[in-house]
Amino acid sequence: MLIFAASDKGGTGRSVTGANLAYRRALAGDHVCYLDFDFGSPTAAAVFDVLDARAAAEDRGLHAYLAGEAGEPARIDVWARTEHPVLRDLPPGTGRLELFPGDLSGGEFAATGENLHRCVDLLLRLDGEYDLILVDLSAGRSYAVDMVLAATARPEMRAVVSRWLVFHRWTRQHVTAAAHLAFGPRGIVAGGVARGHDEDALRAGVRFVRSGVPDLESPLWSQVTPTQSAWMRRTDEDLRQLASVLGAGHRTVLGTVPLDPVLQWREQLITDEDVVVSQIANRETWEALGELAHRLTDDKCWEQA
Ligand SMILES: Nc1ncnc2c1ncn2[C@@H]1O[C@H](COP(=O)(O)OP(=O)(O)OP(=O)(O)O)[C@@H](O)[C@H]1O
Ligand SMILES: [Mg+2]
């Protein structure tokens, strides 16, 4: 199954949440790969703590592969190459977790017939090799989004299940931008239809992920004044209404990841050690990521929204 991680704006939690979802599915036993299709800023390797390995893969990354300069894109075995001590100590039954990095020196590029062909070929091959392929796409209605919409519209890819996650923060601008990216005139659904996708099928495969959302019941917010608390509750309700009016209401939301102190400070995988032993991360974050990871393949969550 292909999971495309998109967002209209930058800084939405797309990479950090996406990497954590890949990690959690691998921990649960799936073979997972993470493709860094953020062509303008391919920095997902930092989240997996594999920066050295990524530097070694320079000129053999996804940019080089798609441009036809490398026959096969580099893959980094995260479990073997991560510098994160907890990640090297794997529980039995863990699945493979592999990162396909972009080239450090790569940039955005428009799809041509040739690189589109290589993209289709790669996605088809990986679909046979992995249970889950998570693709982190450049923000906005980017070349990366166009490329995978075109790739997945090809007849040879029809049998591969693809789902879209549209990430956004919990603010007016983010909610509006995410809804437009999904359903607006130049959005994912419209762009997909223009490339031959069936509108209803594509629409049914799009869900929103709200990330970095303040949980007003959490002790993190217990120090605010009653006036601030009342304002935050009103604003939270306003945002829910706005999301609903724009077609990004709760029935279209796959999950919400609360604002977490660790992720606020550092882009990383949250391990159970962070929750149970050092206790630097919130249990709610761990649980929300686990639930979201589960829902990626839970068909009940993907029935018509
Ligand atoms: N649940 C969260 N709580 C607090 N901070 C978060 C949360 N999720 C992500 N962040 C932080 O927000 C910032 C942006 O996240 P991330 O880099 O994943 O977003 P992105 O959408 O991939 O951005 P870009 O467009 O730059 O690639 C990071 O510093 C990250 O650690
Ligand atoms: Mg990112």
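Our subject is the structure listed above.
Now for a description of the structure that goes with this document. Sequence order as written defines residue numbering, which begins from 1 separately in each chain. All chains are assigned letters beginning at A, and all ligands numbers beginning at 1, according to the order in which they are written. This being a predicted model, a pLDDT of at least 70 is required before a residue's local features are given, and a value of 80 or more before pairs of side-chain atoms are given or counted; all residues contribute to the totals for chains, interfaces and linings. Side-chain metrics in this entry use all non-hydrogen atoms of the structure; hydrogen atoms and water are not considered.

A few points about the pattern of salt bridges
Reasoning step 1: When a carboxyl oxygen of Asp or Glu is within 4 Å of a side-chain nitrogen of Lys or Arg, the pair counts as a salt bridge. Under the counting rule described, the total for this entry stands at 20 salt bridges.
Reasoning step 2: Note that Asp 30 and Arg 25 form a salt bridge whose closest N and O atoms lie 2.8 Å from each other.
Reasoning step 3: Exposure remark for Asp 30: the relative accessible area of 17% places this residue in the buried category.
Reasoning step 4: Note that Asp 146 is salt-bridged to Arg 195, the shortest N-O span being 3.8 Å. One end of the pair, Asp 146, is in helix H6 (residues 143–153); the other, Arg 195, is in the loop between helix H8 (188–194) and helix H9 (199–204), with 49 residues separating them in the sequence. Summary of the burial criterion: residues with accessible area below 20% of their type's maximum are buried, those above 50% are exposed, and those between are partly exposed, where the area comes from a 1.4 Å probe applied to protein chains only. The secondary structure listing takes helices from DSSP runs of H or I that are at least 4 residues long and strands from runs of E that are at least 2 residues long, numbered from the N terminus.

Thoughts on the sheet that holds strand E7 (residues 206–213)
Reasoning step 1: Strands were regarded as paired on the criterion that DSSP finds at least two bridges between them. The mixed open sheet is built from eight strands, whose spatial order is E3-E4-E2-E5-E1-E6-E7-E8. Looking along the sheet, the strands with just one partner apiece sit at the ends: strand E3 (76–77) and strand E8 (253–258).
Reasoning step 2: Whether two residues are in contact is decided by their heavy atoms, any of which lying within 4.5 Å being enough. Lines fitted to C-alpha atoms define the axes here, with helix axes fitted over just the stretch in contact, and angles between the N-to-C directions of these axes take values from 0 to 180 degrees. Across the face of the sheet, helix H7 (residues 172–183) comes into contact with strand E1 (2–7), strand E6 (162–168) and E7 while running at roughly 160° to E6.
Reasoning step 3: The sheet contacts of helix H13 (residues 283–295) involve E7 and E8, and relative to E8 the element is tilted by about 160°.

Structural notes on the environment of Cys 119
Reasoning step 1: Residue placement: Cys 119 occurs in helix H5 (residues 113–129).
Reasoning step 2: Using a relative accessible area of 0% as the deciding quantity, one classes Cys 119 as buried.
Reasoning step 3: When the C-alpha atoms of Cys 119 and Leu 296 are compared, they prove to be 22 Å apart, with 177 residues separating the residues in sequence.
Reasoning step 4: When sequence neighbours within four positions are dropped, the list of residues in contact with Cys 119 reads Phe 37, Leu 66, Met 147 and Ala 151.

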